[in-house]
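For reference, the chains in residue letters:
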Amino acid sequence: MVIEVPTGVPLRYVLQLAGAPPVPQGVLTGGYHGKWIDAAAVDEAIVSRNSLETVGGSLGAGAILPIGQDTCPLGESLRVAQWLAEESAGQCGPCYLGLPAAARGMEDILNGGGPAALEALKQVAGNVKRRGACSHPDGSAMFLESTVKAFTDDLAAHVLGNGCGRPVHGVLPLFEGAGRRRASRAAGRPGERAQPAEDLRRLDAVPGHGLCADILPEVFQLGADGFPTVAQAEVPRYAEAKALRAVRRCPALALRLEEDTRGPVPSRSNLPVLSPGRGRRALGR
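Description of the structure in this document. Here the structure is a predicted model, which is why all the values come from computation and not from measurement.

### Focus on the environment of C164
Okay, so step 1: Considering the arrangement of structural elements, one finds C164 in the loop between helix 8 (152-160) and helix 9 (178-184).
Okay, so step 2: When the C-alpha positions of C164 and L74 are compared, they lie 9.4 Å apart, and in sequence the two are 90 residues distant.
Okay, so step 3: Among all residues touching C164, those that are not within four sequence positions of it are C72, D154, A157 and H158.

### Some details on the packing of helix 5 (residues 93-110) against helix 7 (residues 136-150)
Okay, so step 1: Helix 7 packs onto helix 5 with a crossing angle of 10° between their chain directions and a minimal axis gap of 10 Å. Here helix 5 lies roughly parallel to helix 7, going by the angle between them. Taken as a pair, helix 5 and helix 7 cross one another with a handedness that is left-handed. Together, P94, C95, L99, A102 and M106 of helix 5 and H136, P137, S140, L144 and T147 of helix 7 make up the contact between the two elements.
Okay, so step 2: When the residues that make up the contact of helix 5 with helix 7 are grouped by side-chain class, the tally is seven nonpolar, three polar and no charged.

### Quick look at the environment of G126
Okay, so step 1: The topology assignment puts G126 in helix 6 (residues 114-128).
Okay, so step 2: Among the residues examined, G126 registers a relative accessible area of 31% and is labelled partly exposed.

### Structural notes on the sheet that holds strand 3 (residues 64-67)
Okay, so step 1: The three strands lie next to each other as 2-1-3, forming an open sheet whose pairing is antiparallel. Each end of this open sheet is capped by a strand with a single partner; those strands are strand 2 (35-38) and strand 3. Here the strands of the sheet are splayed against their neighbours by 25° on average, with no regard to which way each runs.
Okay, so step 2: Note: strand 1 (residues 26-29) against strand 2, four bridges, orientation antiparallel. Within the sheet, the bridge partner assigned to T29 lies in strand 2 and is K35.
Okay, so step 3: Contacting strand 1 and strand 2, helix 7 crosses the sheet at an angle of about 15° to strand 2.

### Let's talk about the pattern of salt bridges
Okay, so step 1: Evaluation of the coordinates by the stated rule reveals five salt bridges.
Okay, so step 2: Residue D43 is joined to R12 by a salt bridge in which the shortest nitrogen-to-oxygen separation is 2.9 Å. Taken together, the residues D43 in the loop between helix 2 (39-42) and helix 3 (49-54) and R12 in helix 1 (residues 11-17) connect sequence positions 31 residues apart.
Okay, so step 3: Residues R79 and E76 are paired through a salt bridge, measuring 3.6 Å at the closest nitrogen-oxygen approach. Of this pair, R79 and E76 both sit in helix 4 (residues 73-86), three residues apart, which is roughly one turn of the helix.
Okay, so step 4: Among the residues examined, E76 registers a relative accessible area of 0% and is labelled buried.

### Observations regarding the packing of aromatic side chains
Okay, so step 1: What the rule picks out here adds up to four aromatic pairs.
Okay, so step 2: Taking 5.9 Å as the distance between ring centres and 75° as the angle between the ring planes, the aromatic pair formed by Y32 and W83 counts as edge-to-face. Within this pair, whereas Y32 is found in the loop between strand 1 and strand 2, its partner W83 is found in helix 4, the two being separated by 51 residues in sequence.
Okay, so step 3: The exposure class of Y32 is buried, given its relative accessible area of 14%.
Okay, so step 4: Since its relative accessible area comes to 17%, W83 is described here as buried.
Okay, so step 5: Summarising the aromatic geometry, the rings of W36 and F143 are spaced 6.4 Å apart at their centres and angled 40° between planes, so their arrangement reads as tilted. Within this pair, whereas W36 is found in strand 2, its partner F143 is found in helix 7, the two being separated by 107 residues in sequence.

About the cut-offs
Residues numbered from 1 in each chain as written. Predicted model: local features only at pLDDT ≥ 70, side-chain atom pairs only at ≥ 80, totals over all residues. Heavy atoms only, no water. Helix = DSSP H or I, 4+ residues; strand = E, 2+ residues; numbered from the N terminus. Contact = heavy atoms within 4.5 Å. Axes fitted to C-alpha atoms, helices over the stretch in contact; angles between N-to-C directions. Parallel < 35°, antiparallel > 145°, perpendicular 65-115°, else oblique. Left-handed = near helix turned anticlockwise from the far one by under 90°. Nonpolar A, V, L, I, M, F, W, Y, C, P; charged D, E, K, R; others polar. Buried < 20%, exposed > 50% of the residue type's maximum accessible area, 1.4 Å probe, protein only. Pairing = 2+ DSSP bridges. Salt bridge = Lys/Arg side-chain N within 4 Å of Asp/Glu carboxyl O. Phe/Tyr/Trp six-rings, centres within 6.5 Å; stacked < 30°, edge-to-face > 60°.

Structure below.
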């Protein structure tokens, strides 16, 4: 149900107008890039940015989605997390790799992964924030982090016990199929699938984000213009682990790592190239 209401009215009143459960298990405020608030906060909240932030919510897009007591809130959040991962355009490492990993983390919690699964989810959600080319990974991570904070009893039941015992009714609305169509266009041509960064096996210069130089200073240094000063470089054996991190965290998916099985490859740009040596080779596009 869609109801337009002005800001400043009690949240409880809005829920009553919409026919929400008298005692909701939780209320998602701000849409799928928003935050959950628990039932105890509903009576305190006013529909305004300041009031919702005070009780841990977020006005965001203005959407308010309550769920009843008969569904598993973590399972509902997992459905949304999987949908958000599919909604990525597939051009950004935090979206293409991070959001599916976060969804898998939530799924591991529901499948009995215990405290280790919870810690993995928190780490992934923290890693994707402020690393993307847009705010989609930020909002998606915020949604998952608020799930963990708002439903502590259910979380404890899944992490420390045998689960909450409730089914997942799928009460949160999702538009199925959009993410898959976008992913098929991610490489720029209709029907062409984006290739995962960890399968590309080459390490190209990153166009201006600077993470490569932070993670792998042995190979990349930034010039005065903020761009790498080399387009091709050898990756020392001792730095391969950091090179893999750089590949996975590159916001533009511009990094590729490749085993050096051939001789030196001439540069295809006018940028300086590190002298050839043993180990893996980094190539410019």
